[in-house]
Amino acid sequence: MKSIFITLCLALTTLSAQAADQIERMTADKMQSYNAANINWKDEPLLPKGAKSALILGDPSKPGVFIAWLKFPPNYPIPAHTHPYTEVITVLKGKLGNGMGEVLDKNKGETLKVGESFVLPAGHAHYVWTEKEETIVELIATGPWDISYSNPKDDPRKK
């Protein structure tokens, strides 16, 4: 009887842990197509001045997966920073430099072209930059989305 009780307790604990690990599923109410020229771009307050964003699906302020497009002007740097959750970035237009570390150093990064992607693990310091052309990327991440700059002076929310 004791072994049945222990087995039952372990099973309930496992089920409870699995229930607590449920995620908010991505959903859509209707089919939509997106074209960069027709999107309602908004200033992105988490990034340095000049960045624009457009929400494609989900809500970055809430738990769950979301998809957004980010548009950066030419010669645009985003200083070293981290994010609380994993991100996937895909270049849709232009080129995007990407490097790992606490200080922006274009010599230690790589340049991604249209169609190329990178996965950024949660909490890994990185930085990005554009070159001589406007760049648009697709961001797929889990909310709530946030950014912590390695140097607090770089945070545009504190300026």
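Residues numbered from 1 in each chain as written. Predicted model: local features only at pLDDT ≥ 70, side-chain atom pairs only at ≥ 80, totals over all residues. Heavy atoms only, no water.

With respect to the packing of aromatic side chains
And step 1. For the structure shown, the criterion picks out 4 aromatic pairs.
And step 2. Measuring from centroid to centroid gives 5.4 Å for phenylalanine 72 and tyrosine 76, while their planes differ by 10°, and the two rings are stacked.
And step 3. Tyrosine 76 gets classed as buried once you look at its relative accessible area, which sits at 5%. (Phe/Tyr/Trp six-rings, centres within 6.5 Å; stacked < 30°, edge-to-face > 60°. Buried < 20%, exposed > 50% of the residue type's maximum accessible area, 1.4 Å probe, protein only.)

Remarks on unusual backbone geometry
And step 1. In the segment running from glycine 143 into proline 144, the intervening peptide bond is cis, with an omega of 0°.
And step 2. With respect to the helices and strands, proline 144 occurs in the loop between strand 10 (135-143) and strand 11 (148-149).
And step 3. Its identity as a non-glycine residue notwithstanding, asparagine 75 has a phi of 50°, on the positive side.
And step 4. With respect to the secondary-structure elements, asparagine 75 resides in the loop between strand 3 (64-72) and strand 4 (77-82). (Helix = DSSP H or I, 4+ residues; strand = E, 2+ residues; numbered from the N terminus.)

Description of the sheet that holds strand 7 (residues 110-112)
Sheets are built from strands that pair by backbone hydrogen bonding, the pairs being arranged parallel or antiparallel.
And step 1. Judged by pairing direction, the sheet is antiparallel, and its 5 strands sit side by side in the order 7-6-9-4-11 without closing on themselves. Here the strands that pair on one side only, and so sit at the sheet edges, are strand 7 and strand 11.
And step 2. Inspection of the sheet shows strand 6 (residues 96-100) paired to strand 9 (residues 126-129) by 4 bridges, in the antiparallel sense. Its bridge partner lying in strand 9, asparagine 98 is registered against valine 128. (Pairing = 2+ DSSP bridges.)

Concerning the environment of valine 119
And step 1. Along the chain, valine 119 falls in strand 8 (residues 117-120).
And step 2. Along the sequence, valine 119 and threonine 90 sit 29 residues apart, while their C-alpha atoms lie 9.0 Å from each other.
And step 3. Valine 119 has contacts with Thr86, Glu87 and Val88, leaving out every residue within four places of it along the chain. (Contact = heavy atoms within 4.5 Å.)

Looking at the pattern of salt bridges
And step 1. Tallied over the entire structure, the rule returns 5 salt bridges.
And step 2. A salt bridge links lysine 62 to aspartate 59, with the nearest nitrogen and oxygen atoms 3.8 Å apart.
And step 3. For lysine 62, a relative accessible area of 49% translates into the label partly exposed.
And step 4. You can call aspartate 59 partly exposed: its relative accessible area is 29%.
And step 5. Across the pair lysine 93 and glutamate 134 runs a salt bridge whose closest N-O atoms are separated by 2.7 Å. (Salt bridge = Lys/Arg side-chain N within 4 Å of Asp/Glu carboxyl O.)

Things to note about the environment of leucine 120
And step 1. Tracing the backbone shows leucine 120 in strand 8.
And step 2. Apart from the residues within four sequence positions on either side, leucine 120 is in contact with His83, Tyr85, Thr86, Glu87, Met100 and His126.

Focus on the nonpolar core
And step 1. With 22 residues, the main nonpolar core has Leu47, Phe72, Ile78, Leu96, Phe118, Val137 and Leu139 as its most contacted residues.
And step 2. Among the elements of the structure, strand 3, strand 5 (87-93), strand 8 and strand 10 are those that each provide at least two residues to this core.
And step 3. Sorting elements by how many residues they give to this core places strand 3 first, with 4 residues.
And step 4. Among all residues touching valine 137, those that are not within four sequence positions of it are Ala68, Trp69, Leu70, Phe72, Ile89, Thr90, Val91, Leu92 and Leu96.
And step 5. By size, the runner-up hydrophobic cluster in this structure holds 7 residues, among which are Trp41, Ile56, Ile67 and Trp69. (Core = buried A, V, L, I, M, F, W, Y, C linked by side-chain atoms within 4.5 Å.)

Topic: the sheet that holds strand 1 (residues 42-43)
And step 1. One open sheet holds the 6 strands; their spatial order is 1-2-3-10-5-8, and the pairing between them is antiparallel. For this open sheet the edge positions go to strand 1 and strand 8, each flanked by a neighbour on one side alone.
And step 2. Alignment of strand 5 against strand 8, held across 4 bridges, turns out to be antiparallel. Residue pairing in the sheet places threonine 90 in a bridge with serine 117 of strand 8.

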